[in-house]
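Survey of secondary and tertiary structure
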Amino acid sequence: MRGAAKRVLLEVVGWLLVLAGIAALVLPGPGLLLLAAGLFVLSQQYEWAERRVDPILDRALLGAAQGVEAKWKVALSVLFALGLGACGVLWIQSPPPPDWWALADSFWLPGGAATGITQVASAVVALGLIVWSYRRYHGHPERVTELRERMATRV
């Protein structure tokens, strides 16, 4: 029974991470990293997932490397992450709709504090990933070249 429960838990966690990763491809968040994490969990049970983990992780790491190759990109990423965090704080505080708001009050800051908390958490994760990417790849073109070569050998 214990093995079946573990299998179900891994399945649920893996698919939730995959779905969160797909959503984060278009929403704020580390989409490819979440997708890779979900596939990694699913790879414990499925060969098809195991074959896809490394290529997606490499693409995520290349995106991280490209995001810190120029200081203006780092500054813009930090600015967006701070903006996301500020929006989260606004959502948590949940001020009343302003006078110029033309829609129903229920459309003002939908989701309430729960949405704000996830925005602040996403901002913290984003800032952490920016710092990690900067320390790992900025000023280290050999690491980016190694990553590109590894990706090219998989094609």
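So, here is what we can say about the structure in this document. A quick note: this is a predicted structure, and the numbers were derived from the prediction, not measured. Every chain's residues receive numbers from 1 upward, in the order its sequence appears when written. The model is predicted, so local features are restricted to residues of pLDDT at least 70 and side-chain atom pairs to those at 80 or more, both for listing and for counting; the totals for chains, interfaces and linings are taken over all residues. Side-chain measures here rest on the full set of heavy atoms in the structure, leaving out hydrogens and waters.

In this analysis, axes come from line fits to C-alpha atoms, helices being fitted only over the stretch in contact, and the angle between any two N-to-C directions falls in the range 0 to 180 degrees. Helix and strand definitions here come from DSSP, where helices need a minimum of 4 consecutive H or I residues and strands a minimum of 2 consecutive E residues; each element is numbered from the N-terminal end. Here helix H3 (residues 47-67) crosses helix H6 (residues 141-154) at 150°, and the two axes come no closer than 10 Å. Overall, the two elements H3 and H6 adopt an arrangement that is roughly antiparallel. Crossing geometry of H3 relative to H6 is assigned as left-handed. Listed contacts from H6 to Asp-54, Pro-55, Asp-58, Arg-59, Leu-61, Leu-62, Ala-65 and Gln-66 of H3 are Val-144, Leu-147, Arg-148, Arg-150, Met-151 and Arg-154. Charged residues are taken to be Asp, Glu, Lys and Arg, nonpolar residues to be Ala, Val, Leu, Ile, Met, Phe, Trp, Tyr, Cys and Pro, and polar residues to be all remaining types, Gly included. Its residues assigned to classes, the contact of H3 with H6 shows seven nonpolar, one polar and six charged. Our angle categories are set so that under 35 degrees counts as roughly parallel, over 145 as roughly antiparallel, 65 to 115 as roughly perpendicular, and the remainder as oblique. Crossing handedness follows the turn of the near helix against the far one: under a right angle anticlockwise gives a left-handed crossing, and clockwise gives a right-handed one. Note on definitions: a residue-residue contact is assigned when non-hydrogen atoms from the two residues lie within 4.5 Å.

Our next topic: the packing of helix H5 (residues 112-137) against H6. Helices that pack against each other are described as a pair by the angle of their axes relative to one another and the distance between those axes. Remark: H5 packs on H6, axes separated minimally by 8 Å, with the N-to-C direction vectors making an angle of 95°. Taken together, the axis directions place H5 and H6 in an arrangement best described as roughly perpendicular. Along its contact with H5, which presents Arg-135, Arg-136 and Tyr-137, the element H6 presents Arg-143, Val-144 and Leu-147.

What follows is about the pattern of salt bridges. Should a side-chain nitrogen of Lys or Arg be within 4 Å of a carboxyl oxygen of Asp or Glu, the pair is scored as a salt bridge. Going through the model one piece at a time under the given rule, you end up with three salt bridges. The residue Arg-51 makes a salt bridge to Glu-47 at a minimum N-O spacing of 3.4 Å. With Arg-51 and Glu-47 both in helix H3, this residue pair falls four residues apart, about one helical turn. Each member of the pair Arg-51 and Glu-47 is classed as exposed. We note a salt bridge from Asp-58 to Arg-150, for which the minimum N-O separation is 2.9 Å. One end of the pair, Asp-58, is in helix H3; the other, Arg-150, is in helix H6, and 92 residues separate them in sequence. Throughout this description, buried means an accessible area under 20% of the type-specific maximum (1.4 Å probe, protein chains only), exposed means over 50%, and partly exposed covers the range between.

Between rings of Phe, Tyr and Trp, where Trp is taken as its six-membered ring, a pair exists when centres lie within 6.5 Å; planes separated by under 30 degrees are stacked, by over 60 edge-to-face, and by other angles tilted. Summed over all chains, the structure comprises six aromatic pairs. Centroid distance Trp-15 to Trp-48: 5.9 Å. Interplanar angle 35°. Geometry classified as tilted. Taken together, the positions of Trp-15 in helix H1 (residues 2-26) and Trp-48 in helix H3 put the pair 33 residues apart, joining distant regions of the chain. When the ring of Trp-100 is compared with that of Trp-101, the centres are 6.0 Å apart and the planes differ by 70°; the resulting orientation is edge-to-face. Overall, Trp-100 belongs to the exposed group, its relative accessible area being 65%. You can call Trp-101 partly exposed: its relative accessible area is 24%. A connected cluster of aromatic rings, assembled from ring pairs, spans Trp-15, Tyr-46 and Trp-48.

So far we have only geometry, and geometry alone does not tell us how the molecule works.
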